[in-house]
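Secondary and tertiary structure notes
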Amino acid sequence: MSKSTPQSRKAMRARTKIVYAGRAPEDQFGFVNTPIYRGSTVLFPDVATLESRAGTRFRYGTYGTPTTEALEQAWSEISGAADTVLAPSGLAACCLALLTALSSGDHVLVTDSAYGPTRSFCEAFLTRMGIETTFYDPLVGAGIAALFRPNTRAVLVEAPGSQSFEIQDIPAIAAVAHERNACVIMDNTWATPLFFPAHERGVDLSADAGTKYLSGHSDLLLGLVSANAKWAKKLRQTYQLFSNCAGQEDAWLALRGLRTMDLRLREAEKQGLALARWLESRPEVSRVLHPALESHPGHAIWKRDFLGSTGLFSVILKPASDQAVAAMLDGLELFGLGYSWGGFESLVVPFDCSSYRAASVWAPEGPALRFSVGLEDIEDLQDDLDKGFARLRAQA
Ligand SMILES: *Cc1c(COP(=O)(O)O)cnc(C)c1O
């Protein structure tokens, strides 16, 4: 990165930073936003510059353009990170973070609540590279010390857990890992740097699916990995070796999304909590898994470590047949049935973690549903679900 953040802005609050971060109108003829730079070849003024690459900010398209650099700088600034690199998807960002920290012969500890495809990457790919994975109970806390081996080089945390919403004690896990010189990798997609300052909490490499809240519009795939000072160089080296770069249009759309991300997250928090509380009061619902609810077992740690909650949470229904759940979901008019989340539109998906859990038990008392709450009027969403619950009861 050739441009640094002005000292005065480092002290500013997140809401101000996301408005200004990664923008340089003076480089763009005064226009507010950095445009899309499409390109592979970068021309050099003479042989000496080409050979030495001295003073060249950009060398070739895969190493970055002003568009991707703007997003990387902005993300570093709001994350309190030393550097950020982009990836073509959130999963690619998680894989890049793991491959930055791990080598053949190493051992990695991965939370049992990790995003499923990250888990598959460890099992199916890291194994082939001679890297062994142990899944651990997400609630292990400082007890993770007992799982370390002499060759444990990284710990992957994710909070809340994908689908199941356990809150991990990340500062406690990071303290243990750092005593043993292991890298702490986090999937911070749920909270984003705005609601969980990962690097301040002890995370070395933080991966985010920009596909979700950074985009906010269900129209792009993108990943980001930010690193603290200790890991920044290794991250960028690994990134350049893979050359698994993100598209210019996607980086530009993500920059556009970034400017309203704080606003959208605050609304997601409000909408999510309103719907979660309403669901908690429903007779068809057994439990709501939302860490900002007082009833959540991880609420105290969430309150200590997080700065907010977002619009993604799960519920466990009272026992009901698959057919009854399908009748409830199939007739919904506002909630789309589909993967991904963090867009402006509400979604719901049924899920079951029991088939893959290795170090923790997932045995809920009824069917499980994950909700992503969008920007619709909350009463319309409740009316839609109210009719859905009537269909569920009719089949039960
Ligand atoms: C969606 C998601 C990812 C992957 O993002 P993609 O861009 O879809 O690859 C990673 N982690 C979490 C927690 C996610 O929800």
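Residues numbered from 1 in each chain as written. Predicted model: local features only at pLDDT ≥ 70, side-chain atom pairs only at ≥ 80, totals over all residues. Heavy atoms only, no water.

**Description of the UniProt feature "modified residue: N6-(pyridoxal phosphate)lysine" (unreviewed entry) in the chain**
As annotated in UniProt, the feature "modified residue: N6-(pyridoxal phosphate)lysine" (unreviewed entry) corresponds to Lys212 in the numbering used here. Among the secondary structure elements, Lys212 is positioned in the loop between strand 6 (205-209) and strand 7 (223-227). (UniProt positions renumbered as here; feature names shortened; annotations may be inferred. Helix = DSSP H or I, 4+ residues; strand = E, 2+ residues; numbered from the N terminus.)

**Some words on the pattern of salt bridges**
Counted under the stated rule, the structure contains 19 salt bridges. One salt bridge connects Arg119 with Asp112, and the closest N-O pair in it is separated by 2.9 Å. The shortest N-O distance in the salt bridge between Arg287 and Glu365 comes to 2.8 Å. Here Arg287, found in strand 8 (residues 285-289), pairs with Glu365, found in the loop between strand 11 (347-351) and strand 12 (368-372); they are 78 residues apart in sequence, far enough to count as distant. Residue Glu365 is classed as partly exposed on the basis of its relative accessible area, which comes to 35%. Here the residues in one salt-bridge network are Arg282, Glu284, Asp386 and Arg393, joined through shared partners. (Salt bridge = Lys/Arg side-chain N within 4 Å of Asp/Glu carboxyl O. Buried < 20%, exposed > 50% of the residue type's maximum accessible area, 1.4 Å probe, protein only.)

**Observations concerning unusual backbone geometry**
For the bond from Ala159 to Pro160, the omega torsion is -5 degrees, close enough to zero to count as cis. Relative to the helices and strands, Pro160 resides in the loop between strand 4 (152-158) and helix 7 (170-179). Unusually for a residue other than glycine, Gln163 sits at a positive phi of about 70 degrees. Mapped onto the elements of the fold, Gln163 is located in the loop between strand 4 and helix 7. We note that Ser218 has phi near 55 degrees; this positive angle belongs to a residue other than glycine. Mapped onto the elements, Ser218 comes out in the loop between strand 6 and strand 7.

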